[in-house]
Each structure stands twice: as structure tokens, then as C-alpha cells.
Amino acid sequence: MDGEIDGETLTELLADGAPVTVVDIRRPEPFARGHIPGSMNVPFGELPQRIDDIAAAERVVTVCPHGKASVKAARLVSSYGEFDGQVESLHGGLEAWDGPIDSADGGTRESADDEGPKAPF
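Owing to the predicted nature of the structure, the values given are computational and were not obtained by experimental measurement.

S.K.: Before we move on, can you summarise the environment of Val63 with the specific residues and values?
M.R.: Structurally, the position occupied by Val63 is in strand S4 (residues 59-63). Residue classification places Val63 among the buried positions, given a relative accessible area of 0%. Separated by 37 residues in the primary sequence, Val63 and Arg26 place their C-alpha atoms 8.0 Å from one another. Leaving out residues up to four positions away in the same chain, Val63 has contacts with Val22, Val23, Asp24, Ile25, Ile36, Ser70, Leu90 and Leu94.

See the structure below:
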């Protein structure tokens, strides 16, 4: 694991089109309620079986509600021999994320604060 990344830096990387794969490790239901645009949903329990889905990524950022489980997920990803990219965890998780949020209904909010709860757990 290469450490943690703050939300502002991740927002800038995504806006610049940097090759970042955001992996949201929550269950499908909370992911559907709201997630970072472009992120992929790989629940933590499925991560070992789905490591091939992200093995070719140059840079992976793992995401969870508070930034604790995503640290474990980032360590897990970086421990696989097939993966040699940069792996980081989103510091503070979705609770600290101030960027746009997509939902399963196709809507996008400018930030988690725009509607409803701060983080869509």
C-alpha cells in the first residue's frame, strides 16, 4: 500500500483524466445509493476473487464509508503479486468526500452535502 489520498487530490486526478481506478468496497445496495462517479463496486469480501478486475490498473484508490476498511482493502490489493501499480486508500472515506456523487437512478449531485445524508452508506 502506498498510503492514503485526500479527497481534493482524488477530485483533481479524476477531473484531469488521470489513470485512476476507484474501487468502492461497500455492498451493492449502499453503492447504488451513491458513489464516486466512475468508481467500480467490488465488495470487500469479493476482492480476493476479483483482483484480476483491477490487476492492470496503474493506480487504484480504495473507498469505504469512513476510510478504515479501505486501508485494509488497499493492503490486500497491494499484497497480490499480479498487481504492481500504486494503491491508496481515500482518507476519511466517503464521509470526508466533498466531490460529486452518482447514484443508481442516473442522478449526479455536486457533492455529498447537496441532498440527503453526508455519505450514502
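Read on for the rest.
S.K.: Summarise the side chain of Glu88; cite the residues concerned and give the values.
M.R.: Structurally, the position occupied by Glu88 is in strand S5 (residues 86-90). Owing to a relative accessible area of 6%, Glu88 belongs among the buried residues under this scheme. Reaching out from Glu88, the side chain makes a polar contact with the side chain of Gln86 at a distance of 3.3 Å. The residues contacting Glu88, other than those within four sequence positions of it, are Asp2, Gly3, Glu4, Ile5, Arg59, Val60, Val61, Thr62 and Ala74.

S.K.: With reference to specific residues and values, describe the pairing of S5.
M.R.: The buried fraction of S5 is high, at four of five residues. Taken together, the two bridges between strand S1 (residues 4-5) and S5 define a ladder with parallel strand orientation. For Ile5, the partnering residue across the bridge sits in S5 and is Leu90. For S4 and S5, the ladder comprises four bridges, and the chain directions are parallel. Directly across from Val60, in S5, lies its bridge partner Val87. Handedness of the crossover is the feature at issue here: the chain leaves S4, passes through helix H3 (residues 69-79), returns alongside S5, and the resulting connection is right-handed.

S.K.: Account for the sheet that holds S5, with residues named and values stated.
M.R.: In spatial order, the strands read S1-S5-S4-S2-S3; together these five strands make up an open sheet with parallel pairing. Edge positions in the sheet fall to S1 and strand S3 (40-41), since each has one partner strand and no second. Lying over the sheet, helix H1 (residues 7-15) contacts S1, strand S2 (20-24), S4 and S5, oriented at roughly 125 degrees with respect to S2. Sitting on the sheet, H3 touches S1, S4 and S5, and the angle it makes with S5 is about 170 degrees.

Calculation notes
Residues numbered from 1 in each chain as written. Predicted model: local features only at pLDDT ≥ 70, side-chain atom pairs only at ≥ 80, totals over all residues. Heavy atoms only, no water. Helix = DSSP H or I, 4+ residues; strand = E, 2+ residues; numbered from the N terminus. Buried < 20%, exposed > 50% of the residue type's maximum accessible area, 1.4 Å probe, protein only. Contact = heavy atoms within 4.5 Å. Polar contact = N/O pair within 3.5 Å; in protein donor to acceptor, adjacent residues only side chain to side chain. Pairing = 2+ DSSP bridges. Right-handed = clockwise from strand over helix to strand, strands pointing away. Axes fitted to C-alpha atoms, helices over the stretch in contact; angles between N-to-C directions.

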